[in-house]
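Below, each chain spelled out in residue letters.
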Amino acid sequence: MKLVKFSLIITATALLLWGCAPDEPDHEPVGSTPYVRSSSTVRNDSATKSVITSQESYQLGTHIVISIYDENQASNEVFDAVFDEIYNYEQMISKNIDSTIVDQINVNAGVESVVVPEPLFKLIENALHFSEVSNGAFDVSIGPLVELWGIGTSDAAVPDPVSIDEAIAKVDFNKIHLDSDKMSVYLEEPDMIMDLGAIAKGYIADEVKQIILQHGYESAIVNLGGNVLMVGNKPNSVSWSVGVRNPLSESTSHLGILALNDNSIVTSGIYERFFEEDNVRYHHLINPRTGYPEQNELLAVSIISNESMIGDALSTAVFVMGLDKGYELVQSLENVEAIFILRDMRVIATPNIKSSFKLVNNDFVMEDYH
Ligand code: AMP
Ligand code: MG
């Protein structure tokens, strides 16, 4: 695949997840929507011979941008449908909003099972699947550790070792029980907490893609705070260009550019949410076994896949697994590629994606895995 340079480079960086408040769009909320949302910006793009219609929102604790490429301006209805869908998912999934269904599952831990809507059931099934394939590096019951560390909140601090051990003891995805006949979910022990933060945005991005296609549009970019999904091909172009962020940069400067079509790219890295104490950076990717933010050779890993949910789950899983185990896992899966960015400034791409990636920062070097 040849790399073509375009003026518009999408930045694939996970800005933030649930709960905190990063860059909200400058626009006023539209109508009576219960979330911050912009009106359409419309641009004639000569390179793609398209009209690009974009709307932004602040949802899922992050900055969302949807850009639709078409012959004409995209209707407001498609954006209504997209943002309402995201809102509905947030009301179902967030563990930071009281009385969401995930909150009910958590409140009823050790008490009783909770019947959930089918999409949530499917998402939890997938989360358990990735918990298994990653051998618990990704663990959807990570909630007690996430709450203890509070990374991304004003209370973030290094916990005492006893509290960490207590929290580790509450994390075990094998104690989540699903009943597909009743469509119910049960957490076996009291104090267990399900946290879908590492997989939900990808799942929602895939749903948003379906809504866009159902409305008759064939080309779009769905960017949920850096969880980027390209719908179809870029009109009159060889590919979309997606910037992979330099994880060491305070700004969103690019380390490299990927040429992609109809694909998702999701990144997990040390720069998304963190605090620093005594010169140590404590970031939001927690190893369920040690109870600490994972410190390994990786600064970030980007996963390229057809489905964004797969990329989201795997980016978190592979980051925690580290280069060797993560590389092996990615290579064992079909249609999944990865770009590893290492602390020693090497960048390693899996063979099938290498020719689509162009390094643009000379501080880093590309290397093959060996
Ligand atoms: P992501 O940015 O997709 O890698 O997801 C990170 C978020 O997932 C964190 O903010 C936590 O809510 C949650 N999380 C952190 N560590 C893990 C883990 N080992 N397994 C599953 N979820 C995790
Ligand atoms: Mg993830």
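Small disclaimer: the values here were computed from a predicted structure and weren't measured.

Here is what the cut-offs are and how they apply
Residues numbered from 1 in each chain as written. Chains lettered and ligands numbered in written order. Predicted model: local features only at pLDDT ≥ 70, side-chain atom pairs only at ≥ 80, totals over all residues. Heavy atoms only, no water. Donors = N, O, S within 2.8 Å, 3.2 Å for Na, K, Ca; no water. Helix = DSSP H or I, 4+ residues; strand = E, 2+ residues; numbered from the N terminus. Buried < 20%, exposed > 50% of the residue type's maximum accessible area, 1.4 Å probe, protein only. Arc of directions from axis to C-beta. Contact = heavy atoms within 4.5 Å. Near = heavy atom within 4 Å. Polar contact = N/O pair within 3.5 Å; in protein donor to acceptor, adjacent residues only side chain to side chain. Areas by Shrake-Rupley, 256 points an atom, 1.4 Å probe, with all protein chains shown as cover. Pairing = 2+ DSSP bridges.

S.K.: Where do I start with the coordination of the magnesium ion (ligand 2) in this structure?
M.R.: For a metal bound by four donors in tetrahedral geometry, the ideal donor-metal-donor angle is 109.5 degrees, whereas six donors in octahedral geometry ideally sit at 90 or 180 degrees. At this site the magnesium ion (ligand 2) is bound by Ala-198 (O), Asp-312 (O), Asp-312 (OD) and Thr-316 (OG1), with donor distances of 2.1 to 2.5 Å. Sequence spacing of the donor residues for the magnesium ion (ligand 2), all on one chain, is A-x113-D-x3-T. Residue Ala-198 is located in the loop between strand E8 (184–187) and helix H6 (200–214), and its partner Thr-316 is located in helix H7 (residues 308–321); the two are separated by 118 residues in the primary sequence.

S.K.: Teacher, can you tell me more about helix H8 (residues 323–332) here?
M.R.: For an α-helix, 3.6 residues make a turn, and residues three or four places apart therefore share a direction. Buried within H8 we find Leu-323, Gly-326, Tyr-327, Leu-329 and Val-330. On an axial view of H8, the arc spanned by its buried residues comes to 165°, and they lie on one face. For H8, the exposed residues lying more than 90 degrees away from the buried face are Lys-325, Glu-328 and Ser-332. Packed against the buried residues of H8 are helix H3 (118–133), strand E16 (298–305), H7, strand E17 (336–342), strand E18 (346–349) and helix H9 (351–354).

S.K.: What is the right way to read the site of ligand 1 from this model?
M.R.: Near ligand 1 you find 19 residues, and of these Ala-137, Asp-195, Ser-268, Ile-286 and Thr-316 are the closest. Asp-195 is positioned with one of its side-chain polar atoms (N or O) 2.7 Å from an oxygen atom of ligand 1. In the environment of ligand 1, a nitrogen atom lies 2.8 Å from a nitrogen or oxygen atom belonging to the backbone of Ile-286. For ligand 1, the accessible surface in isolation is 500 Å², of which the surrounding protein chains cover 96%. With 3 residues, the top contributor of residues to the shell around ligand 1 is H7.

S.K.: Sorry, what's going on with the environment of His-129 here?
M.R.: Among the secondary structure elements, His-129 is positioned in helix H3. A relative accessible area of 39% means that His-129 is categorised as partly exposed.

S.K.: Mind showing me how you'd approach the pairing of strand E9 (residues 219–224) here?
M.R.: On a regular strand, each side chain points to the face opposite its neighbour's, so the side chains alternate between the two faces of the sheet. Across the 6 residues of E9, 6 count as buried, placing the element largely inside the fold. Side chains of E9 alternate between two faces, with Ser-219, Ile-221 and Asn-223 and Ala-220, Val-222 and Leu-224 buried alike. In this sheet, E9 lies alongside strand E5 (residues 62–70) in antiparallel orientation, the contact comprising 6 bridges. Bridging across to E9, Ile-64 finds its partner in Leu-224. Pairing analysis gives 5 bridges linking E9 to strand E10 (residues 227–231), with the strands arranged antiparallel. Opposite Leu-224, over in E10, you have Asn-227 as the bridge partner. Joining the antiparallel neighbours E9 and E10 is a turn of 2 residues, in which Gly-225 adopts a positive phi near 55°.

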